[in-house]
Amino acid sequence: MATEAEVQPRPLKVDAIKLDVKIKFADDLRRLKLDVLGTDDSPIPIAGYYTPCNHPKVPGIFTIRPESLAPSSVNTFGSLLVPGTLINTNNMLGFQNLDVASLLREEGKKILHDILSGKIEECPSLLLRFLVISFADLKNWKVYYNVVFPSVFGSKMTLLSLHSASKVLSQEEATSLSKSMEEWRGSNDTTVHQFFWVDISSDSSVVVRQLKDWNDRQGGGQKLLFGFYDHGCHKDYPGWPLRNYIAFLSLRWKIEKVQFLCYRETRRRGLDLENSLIGEASFAAPHGWDGSDYVPEVIGWEGETPGDGRKGMKIKSIDLKPLSPESQVEEQQLMHLKLMGWRHFPVNLDKLCGTQCLVLGAGALGCEVSRLLMTWGVRKLTVVDGGCVAMPDLVKQSLYVEKDCGVPRATAIVPHLKERCPAVEVEGIPMEIPVPGNPVSPSVLDDCRRLQTLVAKSDVVFLLTNTWESRWFPTLLCANENKIAITAAVGYESYLVMRHGARPGKRSGGMDDVIAHIQNLSPEDALGHQRLGCCFCNEKTSLFNSVSNETVALPGLTSIASGKAVELFARMLHHPEGIHAPGDIAGMDTEHQLGLLPHQMQGSLPKCVLSTVTGNSSNDCIACSDVVLSEYRRERLDFIMKVINKPTYLKDLTGISNRLINSDTCLNLPASFPVNSGKLSSVKCLILGAGTLGCDVARILMDYGVRKLTVVDSGRVVASNLARQSLYTRNDLNAPKATAIVKHLKERCLSVDEEDVKEKIMEIPMPGHSVSDKEADRVRNDCKELQKLVATHDAVFLLTDTRESRWLPTLLCANENKIAITAALGYDSYLAMRHGAGPGTNSEGSNVVPAMTMSAEDVIGRKRLGCYFCNDVIAPVDSVSNRTLDQQCTVTRPGLAPIASGHASDLFARMLNHLDGIHAPADIAGTTSERPFSLLPHQIRGSLSSYNILTLLGYSSSSCIACSDVVLSEYRSRGMDFVMQVINEPTYLEDLTGLTELMKSADYSRVEWVDDVDDDDEFAEIC
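Reading the values: the criteria
Residues numbered from 1 in each chain as written. Predicted model: local features only at pLDDT ≥ 70, side-chain atom pairs only at ≥ 80, totals over all residues. Heavy atoms only, no water. Helix = DSSP H or I, 4+ residues; strand = E, 2+ residues; numbered from the N terminus. Buried < 20%, exposed > 50% of the residue type's maximum accessible area, 1.4 Å probe, protein only. Contact = heavy atoms within 4.5 Å. Areas by Shrake-Rupley, 256 points an atom, 1.4 Å probe, with all protein chains shown as cover. Phe/Tyr/Trp six-rings, centres within 6.5 Å; stacked < 30°, edge-to-face > 60°. Lys NZ or Arg CZ within 6 Å of the ring centre and 35° of its normal. Pairing = 2+ DSSP bridges. Core = buried A, V, L, I, M, F, W, Y, C linked by side-chain atoms within 4.5 Å. Axes fitted to C-alpha atoms, helices over the stretch in contact; angles between N-to-C directions. Parallel < 35°, antiparallel > 145°, perpendicular 65-115°, else oblique. Nonpolar A, V, L, I, M, F, W, Y, C, P; charged D, E, K, R; others polar. Expected span 1.5 Å × (residues − 1).

**Student:** When you look at the overall build of the protein in this model, what are you seeing that I'm missing?
**Tutor:** Across its full length, the protein holds 29 helices and 31 strands. Put simply, the protein has 1023 residues, and 60% of those count as buried. Taking the contacts inside the protein whose residues are at least 6 apart along the sequence as the reference set, 75% of them involve residues at least 24 apart. In the form shown here, the protein has an accessible surface area of approximately 39,500 Å², with 49% of it arising from carbon and sulfur atoms.

**Student:** I tried to follow the packing of aromatic side chains on my own but got confused; where do I start?
**Tutor:** The relation between two aromatic rings is expressed through the spacing of the ring centres and the mutual angle of the planes. Counted by the stated rule, this structure contains 27 aromatic pairs. Ring geometry for F62 against F130: centres 5.1 Å apart, planes inclined by 75 degrees, an arrangement best described as edge-to-face. Placement of F62 in strand β4 (residues 61-64) and of F130 in strand β6 (residues 130-137) is noted, with a sequence separation of 68 residues between them. The same class applies to F62 as to F130, namely buried. Here F195 and F228 contribute two aromatic rings whose centre-to-centre distance is 6.4 Å and whose plane-to-plane angle is 25 degrees, an arrangement assigned as stacked. Residue F195 is located in strand β9 (residues 195-200), and its partner F228 is located in strand β11 (residues 223-229); the two are separated by 33 residues in the primary sequence. As far as the burial class goes, F195 and F228 line up, both buried. In textbook terms, an aromatic cluster arises when at least three aromatic residues are bridged by ring pairs, as seen for W197, W214, F226, F248 and W253. The side chain of R30 reaches across the aromatic face of W141, ending 3.9 Å from its centre. The residue whose ring lies beneath R243 is W240, and the NZ or CZ to ring-centre distance is 5.4 Å.

**Student:** Looking at this structure, I do not really get the sheet that holds β11. What am I missing?
**Tutor:** One open sheet holds the 7 strands; their spatial order is β1-β8-β13-β12-β11-β9-β10, and the pairing between them is mixed. Where the open sheet ends on each side, the last strands, each with one partner, are β1 (10-11) and β10 (206-209).

**Student:** In this structure, what is going on with the nonpolar core? I would like to understand it.
**Tutor:** Across soluble globular proteins, nonpolar side chains have a tendency to be buried as a group. Formed by 220 residues in total, the largest nonpolar core has its most connected members in L373, L381, F462, F569, I741 and F908. Setting aside its immediate chain neighbours within four residues, L381 contacts Q356, C357, V359, S370, L373, M374, L417, V424, E425, V426 and E427.

**Student:** Please explain the packing of helix α1 (residues 23-37) against helix α8 (residues 325-343) as it appears in this structure.
**Tutor:** Helix packing geometry: the angle between the two helix axes and the distance between the axes. Close contact between α1 and α8 brings their axes to 8 Å; oriented N to C, the two are set at 50 degrees. One way to sum up the angle between α1 and α8 is to call them oblique. Residue-level inspection shows R30, R31, K33, L34 and D35 of α1 in contact with α8, the latter providing E331, M335, K338, L339 and W342. A breakdown of the residues in the contact of α1 with α8 according to their chemical character gives 4 nonpolar, no polar and 6 charged.

**Student:** I'm lost on helix α3 (residues 100-117) in this one. Help?
**Tutor:** Each α-helix winds once per 3.6 residues, and so residues spaced three or four apart point in a common direction. With 18 residues, α3 should cover 26 Å at 1.5 Å per step; its first-to-last C-alpha distance of 26 Å lies within 8% of that length. Taken residue by residue, α3 has V100, L103, L104, E107, G108, I111, L112, D114 and I115 as its buried positions. Looking at the buried residues of α3, the elements they touch are β5 (80-89), α4 (119-122), β6, β7 (142-152), α7 (242-252) and β14 (298-301). One or two positions beyond α3, positive phi appears at G118, with a value near 90 degrees.

**Student:** I'm lost on the environment of T158 in this one. Help?
**Tutor:** With respect to the helices, strands and loops of the structure, T158 is situated in strand β8 (residues 157-164). Distance from T158 to P9, taken between C-alpha atoms, is 6.5 Å for residues 149 residues apart in sequence. Residue contacts for T158: discarding those within four places in its chain leaves P9, R10, L12, E280, A281 and S282.

As structure tokens, this is what we get:
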């Protein structure tokens, strides 16, 4: 070995690792978080790929690739696997609050432990271990991250010499080393080891050995070099891994002065003698390093200055939006379904996406059901309707706008569905459904054949037409083909949602040997279960021509029935027995995450009741009985023509002609529509929140006749909103929600005055979201603006997406004595409630009664009903920042929002028509009422899992954080100073109202009005 003069000793400095995190890795991490990890933020093993320098001016790159998340043991493309750890947090606050200093210390301790335990000899790559901390922002398609390569004892190491390998090695040694390294790199057994030792004998021959062979070395006049793959290209500095290698050699093998080889190679993976370095370094081990509790000195965060912690670190990010924008829209629209699997139920997206749904009827029910099916992940739709869009349809049928008037509904609905979900495959077929009792049109046979084909190729059929007889032929075809059939129908104030039972004695499939079994059809299905009935099994009246009859229904009813119909479909699709599933009754126990699967649901809005009913098939059913199916299979379309042309044919065939005629249906039409249209058209409504609930409530209010609306929201329309938030389309992407919703409301109600439907783009100030001095003036102005809005409107709808965003509006409504309606959602439960009147005040002004005379009664002497916060014993705080994405968005079942919106809008209309208005006492379901709008409850709480509706009553609390005397008194005396203190001091409200002392004296953190309501932690709107 050649010799050179020693250089002046100096602290060992090393070349930092150059990192390349591939965008595809970030995208795969996003998918892993969404599809697999869910809320799990525990560390997971990953791999990095390390490359030695192979260019004199370009360093080797440490890459983190897609395969890093599922690494194999095989090294690829000349790169070497390095073990690492990934900590992916659930939110940005969690990422920012990670104790990076502590994490670094733990990584240093792991390295020291592996050195002392001998683990390094078996797995040398542990000396190059790394840690990634990250946050995958699923909503905004970004991944934030930092990476650390922990390096121990750096300040204790001294560089004694450093030269080019070509100047240190003799020609013979260089030749022998080059040959040995070529063999080392060419073998799959040895090339994986980034750290090795080189034995140079006296005759200049070279042997490259693995670390685990150290104890097998022979004594004598050997010359040793401790080599490692060096990523660096700098001639004055070794690469980053050297520090940990020296620590290992000194602490484990007790080598005081380490002669090292920085192996750098040519592009052909041969030793680059000019670029490779040979040097010598020493390490002074610190006192106590071998103690069990010893924490080594360690550095390694990118951008970190030792001693400054995270101050010098810059959070890195990868923007995933440039990747496949079209597929991102679809993924965002399905994200809420995937988030359901994080805590609740793993949705079978493949099954939903592949299900072919046939929607018969494109009116009010058809529009809502079609949109909600897309929200549930259905991507194959066929819509059949024989009518055209008319001007009165626009406020009732949620998808149509003015330009659709005169266009066939089946044609008009297609672009509106595609605007909300580009991935949906939808076909619209303008066609009349042949019905018994109607005159035969020239195309009736073609229509019959076409409907036969449509039902046969569909998996699920929704019967949503507006006449009873138009459901007969589809019901017959579904029974014959054994297809899932779901009926939704509305009367004036009641609704029916049901699934049809399986056909008699045969599974779904082909028609082979059917004729041979016609006489043997059974009252049981193919699984031996008693068949459930169809929508005609309890209808003994004959079919007649009722096409001219128009269904008049309370505006919120269609939304409620549609939501329940789609939820029934989703529950049925996820049941292992599918169409053969037995009917559940409310009150039964079920272990399925989606809850009960009833046969029929019959509900009434005025009575606030929901009944689950099971009805078996009828032997004389005019649609699915054995005799009807047998005749249809014998005669096919000839049988259908007989039914169409002879109104009494079905009665005669089934033998019900001479029996007692009984109509068993929950649908009723009244003689009048008892709504004070003048009062509704003049009332001024303020809608806070333009999301899922806001869109539905605003549209239903328009249908009720409300013509003066102001919508407040600060958000913008994103792709995930389109199918779930009923009014938005792709043209609205990135537009302010408040602006977009107002535009669409005006499109649907041409009679509205341009100045009466307004938008307000603003944030609602919230407790727990403290503001800086720089932001204080803006927030104070927002408070004043909201104060003005509440004061100038008659009713306020609280439809925002967090609990704390409802606090200030609730306070202002109590102060101004305004009608306040809250609608909120859990995963499978909902709340619709009206707030009580303010204490001892009236609507003439906010300061009519001095604060010191406020009482527990309202202005007409009735005990005050509670507000949304009256059952809370903790003040509202920031409920979003430190929560997982499914909690931030409050993942809910898609059918829940229209149900809650329908109840909230109906509650408002009944309250407005009540003689006592905001002072009206609360009714409980089961009581009688003579009022046109029947019951007026305080709260309505419902569950899709148990299919129950509860009407609850809760009085105001003397320690309520929003409407109590003490809070209102402070607000009236201090105004916005009080509000700003609440915003900036999270515990102020609890101290003010005495809740702090209450919590100290009682062992609970929340009081519920009722103990048997199994709600989620929070009700909130889906984002």
